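Summary of the model geometry
The residues making up each chain are set out below.
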Amino acid sequence: MSYAAGVGLPSLPWVKWGISFVDLDNDAWLDLVTVNGHVYPQADQLPTNAKYREPKLVQFNQGNGTFCDASDQTGPAILQPRVSRGLAVGDLFNDGNMDLVVEDLVGKPMLIRNHGVPGHHWASFELAGRKSNRMAIGARLKLIAGGMTQTEEIHSGGSYLSQSDTRVHFGLGTATHIDSLEIHWPSGQVEVLKNLIADRFYGILEGQGIVPLETIRPKMTIARFARQKEQ
């Protein structure tokens, strides 16, 4: 299926490691990011196109089952050859755009900030379980907005030696509100929320619906912080 979808041929020359499906342009279709790097430095001496340091790949979802290689349109950082291994994604700046963190075999990690696409909307959901596990790992979300249905699951890991943001991010395209959000908790409980506003961060506590984000995040007291610092 990779060749029919258009992702096989552009990635063929590279040794792939970290990979993520993520909506980079908030158009409600998941794009594909791959980081690459050869195993052997001697690859530079081969009479082929193989290299030890390799560029990253950004392939945009065209909404019809195919992807286009947009690596050369996403900035020089993507094309910079490196020996990359890990890839994590998350909204690091809390601006509604999903950013990339790339771990290289040698040197410091690379942070690639996503400046987004004007006019495209989004929503982010941070879940906390009560009967389910606290991080809501395994929870499945079904969102309907703008005539489209999207599904996502909260999971740990998912890429080579990497952990992405456990908040669930949905791109909404031009839709300014969410018709419904259906949450299937690991405990078996199902919650449905309706008529949500776009471009918001939502905190959801199992069985209680939308709550302030600070009520579901771990609290670090001064005394506890001091003990950890001493250790």
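The structure reproduced in this document is the subject of the present report. Each residue is numbered by its place in its chain's sequence as written, counting from 1. Residue-level local features of this predicted model are given only where pLDDT is at least 70; pairs of side-chain atoms are given and counted only at 80 or more, and the full residue set underlies all totals for whole chains, interfaces and linings. Think of the side-chain values as coming from all heavy atoms in the structure, minus any hydrogens and water.

Moving on: the packing of aromatic side chains. Working definition: rings of Phe, Tyr and Trp (its six-membered ring) pair if their centres are within 6.5 Å, and the pair is stacked with planes under 30 degrees apart, edge-to-face with planes over 60 apart, and tilted otherwise. Enumeration according to the criterion identifies five aromatic pairs in this entry. Considering the side-chain rings of Trp-17 and Tyr-160, the 5.0 Å spacing of their centres and the 65 degrees angle between planes classify their relative orientation as edge-to-face. Of this pair, Trp-17 sits in strand β1 (residues 16-22) while Tyr-160 sits in the loop between β11 (158-159) and β12 (162-163); the two residues are 143 residues apart in sequence, bridging distant segments of the chain. Overall, the relative accessible area of 25% leaves Trp-17 in the partly exposed class. Each residue is assigned to one of three classes by its accessible area relative to the maximum for its type, calculated with a 1.4 Å probe on protein chains only: buried under 20%, partly exposed between the two thresholds, exposed over 50%. By relative accessible area, Tyr-160 is classed as partly exposed at 36%. Relative to Tyr-202, the ring of Phe-125 has its centre 5.4 Å away and its plane inclined at 15 degrees; by these criteria the two rings are stacked. Numbering goes from the N terminus for both helices and strands, where a helix is a DSSP run of H or I of at least four residues and a strand is a run of E of at least two.

Patch membership needs two things, relative accessible area over 30% and no salt bridge, and members are linked within 9 Å if like-charged or within 5 Å if nonpolar (Val, Leu, Ile, Met, Phe, Trp, Tyr). Surface accessibility follows the Shrake-Rupley procedure with a 1.4 Å probe radius. Residue values consider only the protein chains on display as shielding. Within this document, salt bridges are pairs made up of a side-chain nitrogen of Lys or Arg and a carboxyl oxygen of Asp or Glu, the two lying within 4 Å of each other. Two residue types count as positive, namely Lys and Arg, and two as negative, namely Asp and Glu; His and chain ends fall outside the count. A charged residue contributes its charge at one atom only: NZ of Lys, CZ of Arg, CG of Asp or CD of Glu. There is a patch of like positive charges on the surface, built from Arg-130, Lys-131, Arg-134 and Lys-219. Relative to the helices and strands, Arg-134 resides in the loop between β8 (121-128) and β9 (140-145).

Scanning the entire structure with this criterion turns up four salt bridges. Among the salt bridges present, the one from Arg-217 reaches Glu-126, with a minimum N-O distance of 2.9 Å. Separated by 91 residues along the polypeptide, Arg-217 in the loop between β17 (209-211) and α4 (222-230) and Glu-126 in strand β8 bring together distant segments of the chain. Assessed through its relative accessible area of 35%, Arg-217 is described here as partly exposed. Judged by its relative accessible area of 17%, Glu-126 is buried. Residue Arg-167 pairs with Asp-165 through a salt bridge whose shortest N-O separation is 2.9 Å. Assessed through its relative accessible area of 15%, Arg-167 is described here as buried. On the basis of relative accessibility, which here comes to 28%, the residue Asp-165 falls in the partly exposed class.

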